[in-house]
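Structure at a glance
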Amino acid sequence: MTTTAAPRPTAQPERESFRPVLRAEWTKFRTIRGWLIGLGVAVVLCTTFTFLVANGTHEGTCTGTGSTCQSGHPYVATGPDGEAVADSYQFVEQPLTGDGTITAQVRSLTGVTSSNPTNVAPSLAQTRPGLAAWAKAGILLRPSTKQGSPYAAVMATGAHGVRFQDNYTHDQAGRPGPVSDTSPRWLRLTRTGDTLTGYDSTDGTAWTKIGTAHLAGLPSTVHVGLFVTSPVSFDRSSSGFATQATATFDHVTQGAWREQSIGAQDFYPKLPGGSYHRIGSSFVLRGSGDIAPAVVEGLLGTDTPSSTIVFGLIVGLIAIIVVATMFITVEYRRGLIRTTFAATPHRHRVLAAKAVVIGAAAFVIGALAAAVAVPLGEHILKANGAYVFPVSTPTMARIIAGAGALVAVTAVAVLAVGTIVRKSAGAVTAGIVVFVLPYIIGSSMSGGAEQWLFRLTPAAGFSVLGALPRSAQVAYPYTMANGYYPLSWWAGLAVLCAYAALALGIAAVTLRRRDA
């Protein structure tokens, strides 16, 4: 008689065997009332301390409307995406109905720089020769001359060659090199419906396309013309000096031209004396300011939507650290860890399941706390007359999600510390010293040392709360003193993740090598 061997059971994949471990750890976590209360306390602490910080800030009355707030904070325009922008320049324009093309030659571009820093009232009598690298002169088209409205422009610059820019944040490079009498730049801007195209040329005959921009909803009649502007320039000591540029245009498309000074009263430090005149067939424009993402130069007492949440988030983070460490140390203290490892011999799976549970819970709590505290703090600041630097909706969403990620990664890291130390008091202390204290120390320092703390320690993770924009189009000292973290939000979060990964790795090795 022939017998058939029973088929061997198929081993379950690793990812399938992880599910019951994860379910068991989640059940443990949600059934301990004290841990859930701890998460709620973290939200309350974050919100409460954010309220206290914001409520303690009083700077007069500033509604953010009009050209200048009553507290002395100048009006800052917001761009098409809600971001803060600088939008001030000298403009000579005419209406354009339907499709069309405007051409001009930039024959010269020169400039002067204030001899005094921008905190001293600038005067044309106190200037020295010097053209700012991002001085701009060219052709600009926009549906409205209201500050912050969409635009497209092709321009010559002080040190960055010809550029085609639109809507403050988009920049495309054209022909390199400076403008001079022997090396003029021909510029052309063409409109076809909602599409704007920028060209440059060295002789006005052979044209090179630089790029295109699409301004959705562009009306039939728009403003188009010549402009010039020149931003603040900074020296090695990070002192800012207002500048002014003068551009001479030749071979300009004919039309009925009208002069306007755009943004004369905005926040941007400028030299006075913007003007326009004609010398024969040449157009000579002189102006100061910028068309670019806004930075905080000139805004004394500037707050950001996330500036008031930092202290509250640190206090709430301490509560999360306590919960995360107890998620593992309580089992060691009560001897329950042996039962856990008996049910799951692969100890690294237990550690991974705990990390997923505490990380997910901490992310939700951190994001929830930020979603409540950030708008609350912003509302109170504005009610107290403080100026709040505007940010776009995507930036606000990134700050809220970033706060959740900061709390989650820190919770996972201190869970690993608790696994290594096995004592609640020691793990909590280590967690606070390693993941909270560097921020407190760094934020109280000045000079350059804090730069390294916020680059090399877990304090780098707090860069996810940065709200002020960086731009390659704005030459600005992006330092901690000016409100900028030394790393971008994603790089700072990566540094914190590296610490968490290192702690988890050590914890996994420790679990494998020692008795429960």
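Keep in mind it's a predicted model, so treat the numbers as computed, not measured.

**Structural notes on the overall build of the chain**
A tally of regular secondary structure across the chain gives 10 helices and 19 strands. Within the chain, the proportion of its 516 residues that are buried is 52%. Summarising the internal contacts of the chain: among those between residues at least 6 apart in sequence, 74% fall at separations of at least 24.

**Observations concerning the confidence of the model for the chain**
Considering every residue of the chain, the mean pLDDT works out to 86; 89% of them sit at 70 or more. Note on residues 10-15: pLDDT under 50 across the span, and 2 contacts to partners over four residues away in sequence or across chains. This stretch, residues 60-71, has a pLDDT under 50; its non-local contacts, to residues over four places away or in other chains, come to 26 contacts.

**Observations regarding helix α3 (residues 309-334)**
In this model α3 runs 37 Å from its N-terminal to its C-terminal C-alpha over 26 residues, within 8% of the 38 Å that 1.5 Å per residue would give. Along α3, the sharpest kink reaches roughly 40 degrees, centred on Phe 327. Burial within α3 is extensive, with 20 of its 26 residues counted as buried. Looking one or two places after α3, you find Gly 335, whose phi comes out positive at around 75 degrees.

**Brief notes about the pairing of strand β8 (residues 170-173)**
Looking down a regular strand, the side chains alternate between one sheet face and the other. Inspection of the sheet shows strand β7 (residues 162-166) paired to β8 by 4 bridges, in the antiparallel sense. Note that in β8 the partner of Gln 165 across the bridge is Asp 171. Remark: 3 residues form the turn of the hairpin made by β7 and β8, two consecutive strands paired antiparallel; Asn 167 in that turn has positive phi of roughly 50 degrees.

**Thoughts on the side chain of Gln 244**
Mapped onto the fold, Gln 244 is located in strand β15 (residues 243-250). What makes Gln 244 buried here is its relative accessible area of 5%. One polar contact links the side chain of Gln 244 to the main-chain carbonyl oxygen of Pro 272, over a distance of 2.8 Å.

**Quick word on the packing of aromatic side chains**
In the structure shown here, the tally under the stated rule is 17 aromatic pairs. Both rings, one in Trp 26 and one in Phe 29, keep their centres 6.3 Å apart while their planes meet at 25 degrees; by these two values the pair is stacked. With Trp 26 and Phe 29 both in helix α1 (residues 14-31) and 3 residues apart, this pair spans about one turn of that helix. The partly exposed category is assigned to Trp 26, whose relative accessible area is 41%. A relative accessible area of 1% places Phe 29 in the buried class. Arranged with centres 5.4 Å apart and planes meeting at 85 degrees, the rings of Tyr 439 and Phe 454 form a pair that is edge-to-face. Separated by 15 residues along the polypeptide, Tyr 439 in helix α8 (residues 437-443) and Phe 454 in helix α9 (residues 449-456) bring together distant segments of the chain. Using a relative accessible area of 12% as the deciding quantity, one classes Tyr 439 as buried. By way of ring pairs, the aromatic residues Trp 26, Phe 29, Trp 35 and Phe 327 are connected into one cluster. Between Arg 128 and the ring centre of Phe 241, over which it is positioned, the NZ or CZ distance is 5.3 Å.

**Focus: empty space enclosed by the protein**
Applying the stated criterion to the full structure yields 1 cavity of 30 Å³ or more. In this structure, the largest cavity occupies an estimated 60 Å³ of space. In terms of lining, the largest cavity is formed by Ala 42, Cys 46, Leu 313, Gly 316, Leu 317, Ile 320, Ile 365, Gly 366, Ala 369 and Val 407. Secondary structure elements with two or more residues in the lining of the largest cavity: α2 (33-55), α3 and α5 (347-383). No other element matches the 4 residues that α3 contributes to the lining of the largest cavity.

**Brief notes about the pattern of salt bridges**
Under the criterion given, the structure shown has 12 salt bridges. Close ionic contact of Arg 175 with Asp 200 constitutes a salt bridge, the shortest N to O distance being 3.8 Å. Of this pair, Arg 175 sits in the loop between β8 and β9 (185-192) while Asp 200 sits in strand β10 (residues 195-201), and the two are 25 residues apart along the sequence. A cluster of three or more residues bridged by salt bridges with shared partners is formed by Glu 25, Lys 28, Glu 331 and Lys 354.

**Points about the layout of surface pockets**
Its boundaries defined by the atoms lining it, the second largest pocket holds a volume of some 540 Å³. Along its surface, the second largest pocket is lined by 27 residues, and Arg 398, Ala 467, Leu 468, Pro 469 and Arg 470 are the ones closest to its centre. Elements with a minimum of two residues in the lining of the second largest pocket: α6 (393-421) and α10 (489-513). For the lining of the second largest pocket, a count of residues per class yields 14 nonpolar, 9 polar and 4 charged.

Reading the values: the criteria
Residue numbering note: each chain is counted from 1, following its sequence as written. Selection of residues for local features in this predicted model requires a pLDDT of at least 70, selection of side-chain atom pairs for listing and counting requires 80 or more, and totals for whole chains, interfaces and linings are taken over all residues. Calculated side-chain values reflect all of the structure's heavy atoms, with hydrogen atoms and water omitted. In DSSP terms, a helix is any run of H or I states spanning at least four residues, a strand is any run of E spanning at least two, and both are numbered starting from the N terminus. In this scheme, a residue with accessible area under 20% of its type's maximum is buried, one over 50% is exposed, and one in between is partly exposed, where area comes from a 1.4 Å probe on protein chains only. We call two residues contacting when some pair of their heavy atoms lies within 4.5 Å. Every residue gets a pLDDT, meaning the predictor's confidence in that residue, from 0 to 100. For a helix, the expected span equals 1.5 Å multiplied by the residue count minus one. Here the bend at a residue means the angle between the axes of two seven-residue stretches, the one that ends at it and the one that starts at it. Any two strands with at least two DSSP bridges between them are considered paired. Polar contacts, as counted here, are pairs of nitrogen or oxygen atoms within 3.5 Å of one another; within protein the pair requires one atom able to donate a hydrogen and one able to accept it, and residues that are adjacent in sequence qualify only if both atoms are side-chain atoms. Aromatic pairs are defined between Phe, Tyr and Trp rings, using the six-membered ring for Trp, whenever the two ring centres lie within 6.5 Å; interplanar angles under 30 degrees are classed as stacked, those over 60 as edge-to-face, and all others as tilted. A ring is scored as having a charge over it whenever the NZ atom of a lysine or the CZ atom of an arginine sits within 6 Å of its centre and within 35 degrees of its normal. Think of a 1 Å grid over the protein atoms and nothing else: a 1.4 Å probe that fits but is trapped marks a cavity, an open set flanked by protein within 12 Å on at least five of seven lines marks a pocket, and residues with an atom within 4 Å of a point count as lining. Grid points are joined across faces, edges and corners, and a volume is the space filled by probe spheres set on the points. By salt bridge we mean one thing: a side-chain nitrogen of Lys or Arg within 4 Å of a carboxyl oxygen of Asp or Glu. The residue classification treats Ala, Val, Leu, Ile, Met, Phe, Trp, Tyr, Cys and Pro as nonpolar and Asp, Glu, Lys and Arg as charged. All others, Gly included, are polar.

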